Structure formats: C-alpha cells, structure tokens
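Here is what each chain is made of, one letter per residue.
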Amino acid sequence: MLLYIIFGLLIHFVFFASIFDIYFTSPLVHGMTPQFTPLPPPAKRLVLFVADGLRADKLYELDENGNSRAPFIRDIIMHEGSWGISHTRVPTESRPGHVALIAGFYEDVSAVAKGWKENPVEFDFLLNQTKYSWNWGSPDILAMFAKGARRNNIFTYSYDASSEDFGAQDITKLDTWVFDNVKELFRGARNNQSLFSKLNEDKIVFFLHLLGIDTNGHAHRPSSREYLDNIKIVDIGLKEIESTLKDFYGNDGKTAYIFTSDHGMRDWGSHGAGHPSETNTPFVAWGAGIKYPQKVSAQKFDDTYLEEWKLENWKRHDVNQADITPLMASLIGIPFPLNSVGILPVDILNTTDLFKAESMFTNAVQILEQFKVKMTQKKEATLSFLFTPFKPLPDSKQINILRQARSYIKQKKYDESVSLCKELINLALKGLSYYHTYDRFFLGFNVVLGFVGWTSYASLLIIKSHCNLTIGVSKEVKKPSYLLLCSFVALGLLVALFLLLQACPWSYYVYCLLPLPIWYAIVREFPVIQDFVTLLLTNPPKHFVGYLLLFILGIEVLVLSFFYRYMLTAGLIAFSGWPFITPLWTQAKSTSLSWIFFCLLLAVFPLMPVVGRKPDIFLVMGAGLLLLLLSVLVLTSVIRRKNGFLNEELVLYLLQMLSVVLSICVVYGTHNSLLKKQGLPLINQIASWIILASSLVIPLLSPPILFDRLFSILLSLMSTYLLLSTGYEALFPLVLSCLMFVWIYMEQETLQQSGVSCKQKLSTIQFACNTDLTQFQDFSLDDIRRAFFLVFFLVTAFFGTGNIASVNSFDLASVYCFLTVFSPYMMGALMMWKILIPFVFVMCAFEAVQLTTQLSSKSLFLMVIIVSDIMALHFFFLIKDYGSWLDIGTSISHYVIVMSMTIFVVFLNGLAQILTTKKLKLWGRSKSHLI
C-alpha cells in the first residue's frame, strides 16, 4: 500500500507541475541590446504615483452629492492631461502589477507564489535605467526593485512592515507618511549639496507607492467610508507633491507625472482574479510631454463608464498596464527595459511627430530583439529538420519593415512610420508567443498519455484484487516477456536520446519518460484485460452501459460544480433520494429521515452568496451556540450510556466546550475592537493561537471509541473554525459533520442489509482496530458509490460556502482574530487551514466508514484517485491562456484545485488516521478502555 501511495504521489506531483511548464513558463529572455530614442526627451524627471488597490470607478465616479472625491485629479483630466483606464492582467496582485508597470512585462501566473520581497529571476526595469531614482512606500514592493539594481542609483525609504496593520486606527498614515517624507527630502536638499545636484540631474524618477487604499479596502471593503476617504487623502497628497516639485524646480515645465494603480479590488475586499473591478485601474498623466485634454462629442467603448462618470466629453485613452513602461522611458529619454512588451501609446504624447516616430521605431526594434533571441534559442535547441519557424515574420520581412519605417521617417511620413512599426510590434509579439508555446502540444500529449496510463493502471489494480469483479479471471501474473521489457527499454533510450540532442531541460525527460513504466505495467497485464473484457461481454450489456452512463453523469456533475455551485445542490438533493431506491427507507426509517434532512439542509449552502461578501458576526456566534447546545445533548447521552463515566473524560468534554465559549467571546471582542479602530487586543490574539495549537492535540486525549473521538474532533476543530469565520460559513462544517455522522450509520445499515456482517454499535467500535480487512470484504459496486460520495463531499467541502477557484475569493477578515499586520504567508496558511478543516471532517468520517463496513482502504483510495484524475483530465483540456483574464485565471485554478485535492487526500488521510487512532496519555495513565 505504501509503495502505491509513494508512486501515486510522485506521478501527481509531476502532473501538477506540468501545467506551469506547458502553459505558464517565464516569458523572459536575455541577451538583447538596450534601445532608446535618439532625440532629446520632453521631460527631465518623472513622478510615478501608484495607489495600490485603487479601482478606476471609485476614483472617477462622482459621490452621492455629485462632487468628485478626487477634485485635483478631476481638474487634471479636464484641464491639464490625459486620462483613461489601465487594463491589468491576471494575477491581479501587487507584485506582478508593479512588475508590469515598471518592467513592462507580464509575469507568469505562478509569480503570485514567488514572493513579494525579491526577484526570483533577474530582469531589467525602468528604475535600473535611470541616473537616479527615489522610492517611498511599502517594504514589500520597494525591496524587490532595490535588490535588482545593478548600480547604486536606487534610493528607497520604507516604513516598518508592522505599520501594515489592517486593524490600525488610521490606515491613511501609510500614505501620509510617503507624502511627508517626499516633502522632507526636497526640504533637506536645500542644505545638502550632493543631494541637490542629484535631484537636478536629468533622467531621474520619483516612485511613490501608496498602500493605504489597498489596506483600507481589505479591512473595510471598497465601498466603505474609509476607502473613499483615503482616495481624498491621496488626491490632496498628489496636489501637495506637485506643488513641492514646482517650487523646487522653479516651475521649469520639465516634470512628467503619472498616476495609476497596480490592481483593483472586488466589492468584498479581495483581488487576484480577472473581474473588471480588479483589472480596470485608473491612468492619469500630465506634465512635460503629455497631451492636453481633448474635448470630443462622442466616443466608442464597450462599456458605459463614460456616462456613469460624467466624462463622456473628455477624450479617454485606455492603455494596457505594460504600455506605461515605454511611455515613461520615452518621456525621460532612457532605454526601454529589455524585457518590456509594452506598446508606446503615442496618442498621449505631446511632442513633435518626429519624436513620436523615432520612439515608436525604438519600441519596435526593442521588441523585435526579444523575438530574435527567442527564435535563436528555440532553433538551437531543436533538430534542424524538426524546426518550424514563425512564418508571418521571416528575416526578410523584418529587414524590409525596418527599412521602410526608416525611409518614412526620412520622408517625414511620420504617421506611416508609426503605423508600420505597430504592425511589426504586433507580429513580433505573436512570434514571441509562438516560440514561447512551441513545445506545448508535445508536452501536453505526454502528460495526457501519463494521465490515461495511470488511471488505467489503478483500475487494473482494483480489478485484479477482487474476485467478485473478475469471476473466472486468472489473477496469476504471467512472467513478462523479455522482448516486451527490451522494447520499452529501447523506446525509453530513444526518447532520452531525442531529448538529449535537443538540449531539453530535465523536466522534459520526466514528462516523456514517466508514461513508459506505467504503460509497461499495463501491457504486461494484457491477459487480465482480455479476461475482464470477456467477463463484461458475458453479462447483459444494458447493465454495463447503465452503470457506465451513471458514472459519467456523476463525474460531469462534479466537473460542472466547479463552474456552477448549484450543481452541488442538485447532487445533494439526488443523494437525499438514496434511501428510497434501497431497503433503507423501510428498515432504517429514522436514519433515512436524518440523511434526507441533513442532505437538504447542506444543499442550501451552495445557493447562498459566496462567503465574505456580507460578513455577519452574529451568525458566527449563533453557530457557536448551536455547537454548545449539541455538545450538551451529546454529553448527556454519553453520561447515560456509560455506567462509570471517567472524571478525565468529563473534564475533557467540558474543556472543549469552554474552548468553544472562548472562541465566541474572542470573535465578538475582536469584531467590536476593530469596529472601534482599537486594533486586535493582545489577549484575544493569544487566546486564538492557543485554541488553534490545542485543536489538534485535545482530540488525541479522548477515548478512541468511534463516536467519542469523532465528536471530540468536531468540537476542537470547530473552535478554530469559528475564529476564522466571518458569516454564515460558520454553520457549514456543523451541518456537514452532522451529515457525516449520519453517513456512517447509513453505510453500516447498507452493509447489514446485504447480509455481509452483523450490525455493531458505534459506541463499541474502536478506531485503534482500524486495519485493512480486505480478506473479510471484497470490493463491490457499492464501494464505487462510496468512493464517489467521498469525492463529492470533498468538492462540497471546498465549494460549499463559495467558489474559491481564484485568489480573490480569500477574505483577509477571516484571520483578524490571529493577526492584522500584513503577513502574506502566515495569512495564507491560516486561510488554507480554514479550507482544510471541512476536508478533515470528511476524511475522518471516511475512516469510520472504512472501519464500520470492513472495506479495503487500498481499493477505496484507488477509486477516489481514479475519480479525481478523470476530473483533472477534464480540466487539463479546459485550461486557457487566451480569452478574458477571468476565464484564464478560472481555468488554471480549477486544474490546480483538483490536482491539489488529489494530493491532499493522501496527506489528509494520514492526518485523519492520526486524529482517529492515536491516543495520548493524560494524568499519568491511558484512558483507553472498552465498553
């Protein structure tokens, strides 16, 4: 069994990682020559304001009184500069957003997990190309650019990381600190000759990272007074900074300003996916080299924002986020960052036509350089007879377009030159994408081959292990043919040689060679396959087809539930009808009624709004009170059931109930404290961590009797779950756990109906007896149903309270009982544990089902893996890297979730076994006893 688990885990880790090699590898290439516009730039200096987490609509819209909440920006739009929407990409997080703004390229989706504080790979960026740059803001953002500096030209000023406190009384201090320190720098420069001379150089950048809006959005939501007031604070700060620079530089007209955001935010205070509220950020530019406002009578866009914002008469210039990088580079005359894929928005420039044409030509050459390097790398790594170049842009066409564009510039046909350069850029970008995805089909084919092979092999293992599935099938393993083994070895050597000649990375060897041993194991079992097919043909085909269609329908319902939560409701309603198609309804009516009631009750949750949208602390407290009521009923029942109820057990139950009461008090106290902006009370924080730490230990002190241990696990984990809840989701694990208890009883009744074993009271079954009892119970069609139930309940545990198929589904308010200072990894770990707690309930119940029904844990585990892998194969084919960013992000998340679920099932199974079977000693003696 252990060997199967290790081999299965290895395969699934490979399948999990394959998506990033096939679809989302780093787009960076190296070896290009820096390119810059060979003309005097319009600006000597540039100020970049990035209001982290600012949505475009919240900045541009008018308030309830018809006034702008950012009057300075509104005045810029109408009298001084250009404006529009900057369209960001997935993942809409701070790190990839700032990389796109300052380096001009879009990191692959996995960048969200690479960290905020440093660069995992080396890349060129705007600040690195300046003579000097001064940067103020969050240490998480500034550190990654400071570390990437090649010269001592980047100066950073950051507040302490502990200042990023979601529970702080005044979060706007994060922004006022930046504005105050910028003004202090210019005041101090008058008495510091070295600083004064640096500030008067050309080709310099001031970068102001403003985190207050994002922090207020997470803490209070984007529609809150705090978020909207923070916008007003930022607007005032922008006006003050502009005034400070005009005063310092004598209003020389050589300063360019750009105001934008790295990402937006959903209504519930999260971001990371591709919804317009996350991808639409403001873009306002003014000052040297920027075109003045243009009044127009009509504009065509696919939205209604202009009318909503009352800006329909002012020319709107939309840009892609990466386009801001070449714009900034051209304004101050520095080389375009080498990896930039941004296209210069020439319509925004207020310069000569010659400057626009030369800048666009530079932009085209810079992107074409990347295309050439990428093509050369791929050509050198591919056998010449297999290499297929990008046909729309051969070398001759590159030369002709560049020559023609240069000719147009000499002839002063600047518009024609700009148009031609845009055509070249678009072709070069398509070519970059072509070579970036060159090996996609080849790798995808090998991964699918491994997927299908593993699923087939797991099915064969089940077929071989259980005689009732293969009556008359010979289970003797014939000695494999030496020729067959040599054939697969030779094929493996040929594949390895092929990859070696093409200088492929080591991961290619894994994807291509892994299917070979799997398919070898399948082919050597060919006699078993033959006999099984013969067996199927001897039975009525309608039975086989019926079961197959039912299985396929179940899989499709599970797949659809990832897109439509109400499919879970449909599935649970269908589950509630299970007793009616079996003798259970007549022979175990009370248990059947309980099953129907809790199935229908759980079916309500997928129909409710996604958790976090409307927080309600009183629902959390209500869930805690219900749990206490249930605890009292159970405790009374246990006391009546046991003649000699041990004092230690009573103390343990009371301790766990006290933990629930403490959780309710902490939740209420923390909520009130944060509401009054008094921060997270230290005593509440300490209590929360103690409850979390003890939740995995206290159940091990309870008796290993099935019912007692399961209820102890429920009390302990629910104490933690209450601390991590913000609304109705606190009720979800309680209802789910009740259904799990009933499921155990239902499966026991089902087995008794089949006459396999005598019914045994759950109060007498001990988890310590949990072993693989394959010799007592063969695999049957009922076991396929049990495996499907497990997968369905796991998916329900995942999506029951919300679609967490994207990063933006996580609500930071969930962790405020534990910490409010921004700590991405700690907060992520706590939210992940919140997700896993319902999983643990389901897996512990499944442990009990295996024990009470005397099933083969190996075969059931393999069935679960098969169902999960078939789902994963669905999502592998549904992965997109085109279309809307919402679709792209969702397709990635679905595959990652299913693969993670498959891997987590193994670890959660181990955790469930520890929680259910292990026993700690208390007060110097073991509490284990038989009733």
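No experiment lies behind these values; they were computed from the predicted model shown.

Undergrad: Describe in detail the overall build of the protein, supporting the description with residues and values.
TA: The helix and strand inventory of the protein stands at 34 helices and 8 strands. Each of the 931 residues in the protein was classed as buried or not, and the buried ones make up 57%. Considering only residue pairs separated by 6 or more positions, the protein has 80% of its internal contacts joining residues 24 or more positions apart. Counting every atom, the protein has about 38,100 Å² of accessible surface; 62% of that belongs to carbon and sulfur.

Undergrad: Mind laying out empty space enclosed by the protein, listing which residues take part and the relevant values?
TA: As enumerated under the stated definition, the model contains 9 cavities of 30 Å³ or more in all. Space inside the second largest cavity adds up to approximately 90 Å³. Lining the second largest cavity are Leu710, Ile713, Leu714, Ser737, Met740, Phe741, Ile744, Phe841, Cys844 and Ala845. Counting only elements with at least two residues in the lining of the second largest cavity, the list comes to helix H29 (706–723), helix H30 (732–753) and helix H32 (824–853). Of all the elements, H30 adds the most residues to the lining of the second largest cavity, at 4 residues. Taken together, the residues of the lining of the second largest cavity break down into 9 nonpolar, 1 polar and no charged.

Undergrad: If you had to explain the pattern of salt bridges to someone new, which residues and values would you point to?
TA: Going through the model one piece at a time under the given rule, you end up with 24 salt bridges. Among the ionic pairs, Lys58 bridges to Glu61, the shortest N-O distance being 3.9 Å. In this structure Lys58 comes out as buried when scored by relative accessible area, which is 12%. Where Arg316 meets Asp303, a salt bridge forms, and the shortest distance between an N and an O atom there is 3.0 Å. Here Arg316, found in the loop between helix H12 (305–309) and strand E8 (319–320), pairs with Asp303, found in the loop between strand E7 (280–287) and H12; they are 13 residues apart in sequence, far enough to count as distant. Connected through salt bridges with shared partners, the residues Glu64, Arg225, Asp229 and Lys232 form a single ionic network.

Undergrad: So what's going on with the nonpolar core? Residues and values would help.
TA: Among the nonpolar cores identified, the biggest contains 212 residues, and Phe206, Phe259, Trp595 and Phe793 are the most heavily contacted of them. By residue number, the principal contributor to this core is H32, which donates 18 residues. Here Phe793 is in contact with Leu572, Phe575, Trp595, Leu739, Met740, Trp743 and Val842, once residues within four sequence places are set aside.

Undergrad: How would you sum up the side chain of Lys378? Please name residues and give values.
TA: Tracing the sequence through the fold places Lys378 in helix H14 (residues 353–380). Among residues more than four places away in sequence, those in contact with Lys378 are Phe387, Tyr435, Tyr438 and Asp439.

Undergrad: Kindly report on the confidence of the model for the protein, identifying the contributing residues and their values.
TA: When pLDDT is averaged along the protein, the result is 86, and 88% of the positions lie at 70 or above. Contacts for the low-pLDDT stretch residues 469–475, under 50 throughout, to residues beyond four places or in other chains number 16 contacts. Note on residues 924–931: pLDDT under 50 across the span, and 22 contacts to partners over four residues away in sequence or across chains.

Undergrad: Can you break down the packing of aromatic side chains residue by residue, with the values?
TA: With the rule as written, the count across this model stands at 65 aromatic pairs. Measuring from ring centre to ring centre gives 6.5 Å for Phe49 and Trp286, while their planes differ by 0°; the resulting arrangement is stacked. Taken as a pair, Phe49 in strand E1 (residues 45–51) and Trp286 in strand E7 lie far apart in primary sequence, 237 residues in all. We note that Phe49, like Trp286, is buried. Ring centres of Phe792 and Phe793 lie 6.5 Å apart, and the angle between their planes is 75°; this geometry places the pair in the edge-to-face category. With respect to burial, Phe792 and Phe793 carry one shared label: buried. In textbook terms, an aromatic cluster arises when at least three aromatic residues are bridged by ring pairs, as seen for Tyr132, Trp134, Trp136, Phe155, Tyr157, Phe186, Phe196, Phe206, Phe248 and Tyr249.

Undergrad: An account of the sheet that holds strand E5 (residues 204–210) is requested, with residue identities and associated values reported.
TA: With respect to topology, 8 strands assemble into an open sheet ordered E4-E3-E5-E1-E6-E7-E2-E8, the strand pairing being mixed. Edge positions in the sheet fall to strand E4 (154–158) and E8, since each has one partner strand and no second. Taken together, the 7 bridges between E1 and E5 define a ladder with parallel strand orientation. Paired with Ala51 across the bridge in E5 is Leu210. On the sheet, helix H3 (residues 71–79) packs against strand E2 (82–87), strand E6 (255–260) and E7 and is oriented at approximately 65° with respect to E7. Lying over the sheet, helix H13 (residues 324–332) contacts E1, E2, E5, E6, E7 and E8, oriented at roughly 170° with respect to E6.

Undergrad: Run through the state of the cysteines, naming residues and quoting values.
TA: If you walk through the whole model with that rule in mind, you get 0 disulfides. Its sulfur unpaired, Cys504 is 7.3 Å from the next cysteine sulfur, which belongs to Cys512.

Undergrad: Provide a residue-level description of helix H16 (residues 414–436), including the pertinent values.
TA: Helix length check: H16, at 23 residues, gives a terminal C-alpha distance of 32 Å against a target of 33 Å (1.5 Å per residue), a fit within 8%. Listed in full, the buried residues belonging to H16 are Tyr414, Ser417, Val418, Leu420, Cys421, Leu424, Ile425, Leu427, Ala428, Gly431, Leu432 and Tyr435. In this structure, the buried residues of H16 make contact with H14 and helix H15 (395–410).

Undergrad: Could you give an account of the pairing of E6, naming the residues involved and the relevant values?
TA: Along E6, 6 of the 6 residues are buried, which leaves the element largely enclosed by surrounding structure. Residues of E6 alternate between two faces, with Thr255, Tyr257 and Phe259 on one and Ala256, Ile258 and Thr260 on the opposite face, all of them buried. Sheet topology places E1 next to E6; 6 bridges connect them, and they run parallel. Note on E6: the bridge partner recorded for Leu46 is Ala256.

Undergrad: Now, about the packing of helix H18 (residues 482–501) against helix H19 (residues 506–513): what can you tell me, with residues and values included?
TA: Packing of H18 against H19 leaves a shortest axis separation of 10 Å and a crossing angle of 155°. Taken together, H18 and H19 sit at an angle that is classed as roughly antiparallel. The handedness of the crossing between H18 and H19 is right-handed. Contacts from Gly492, Val495, Ala496, Leu499 and Leu500 in H18 reach Tyr508, Tyr509, Cys512 and Leu513 in H19. Within the contact of H18 with H19, the residues separate by chemical class into 8 nonpolar, 1 polar and no charged.

Undergrad: Which residues make up the pairing of E2, and what values do they have?
TA: Along E2, 5 of the 6 residues are buried, which leaves the element largely enclosed by surrounding structure. Sheet topology places E2 next to E7; 6 bridges connect them, and they run antiparallel. Looking at the pairing, His87 lines up with Asn280 of E7. Across 2 bridges, the pairing between E2 and E8 is parallel. Of the residues in E8, the one forming a bridge with Ser86 is Val319.

Undergrad: Lay out the packing of H15 against H16 in plain terms, naming residues and giving numbers.
TA: Relative orientation of the contacting elements H15 and H16 amounts to 160°, with a least axis distance of 8 Å. Put simply, H15 runs roughly antiparallel to H16. Handedness of the H15/H16 crossing: left-handed. Contacts from Lys397, Ile401, Leu402, Gln404, Ala405, Tyr408 and Ile409 of H15 reach H16 at Tyr414, Glu416, Ser417, Leu420, Cys421, Glu423, Leu424 and Leu427. The residue inventory of the contact of H15 with H16, partitioned by class, reads 10 nonpolar, 2 polar and 3 charged.

Undergrad: Account for unusual backbone geometry, with residues named and values stated.
TA: Phi is positive for Arg221, which is not a glycine, with a value near 85°. Inspection of the secondary structure assignment puts Arg221 in the loop between helix H9 (212–220) and helix H10 (225–248). A relative accessible area of 11% means that Arg221 is categorised as buried. Despite not being glycine, Ala503 shows a phi value in the positive range, around 55°. Residue position: Ala503 is located in the loop between H18 and H19.

Parameters and conventions
Residues numbered from 1 in each chain as written. Predicted model: local features only at pLDDT ≥ 70, side-chain atom pairs only at ≥ 80, totals over all residues. Heavy atoms only, no water. Helix = DSSP H or I, 4+ residues; strand = E, 2+ residues; numbered from the N terminus. Buried < 20%, exposed > 50% of the residue type's maximum accessible area, 1.4 Å probe, protein only. Contact = heavy atoms within 4.5 Å. Areas by Shrake-Rupley, 256 points an atom, 1.4 Å probe, with all protein chains shown as cover. 1 Å grid on protein atoms, 1.4 Å probe; cavity = no way out; pocket = protein on both sides within 12 Å on 5 of 7 lines; lining within 4 Å. Points joined across faces, edges and corners; volume = space filled by probe spheres on them. Nonpolar A, V, L, I, M, F, W, Y, C, P; charged D, E, K, R; others polar. Salt bridge = Lys/Arg side-chain N within 4 Å of Asp/Glu carboxyl O. Core = buried A, V, L, I, M, F, W, Y, C linked by side-chain atoms within 4.5 Å. pLDDT = per-residue confidence, 0-100. Phe/Tyr/Trp six-rings, centres within 6.5 Å; stacked < 30°, edge-to-face > 60°. Pairing = 2+ DSSP bridges. Axes fitted to C-alpha atoms, helices over the stretch in contact; angles between N-to-C directions. Disulfide = S-S within 2.5 Å. Expected span 1.5 Å × (residues − 1). Parallel < 35°, antiparallel > 145°, perpendicular 65-115°, else oblique. Left-handed = near helix turned anticlockwise from the far one by under 90°.

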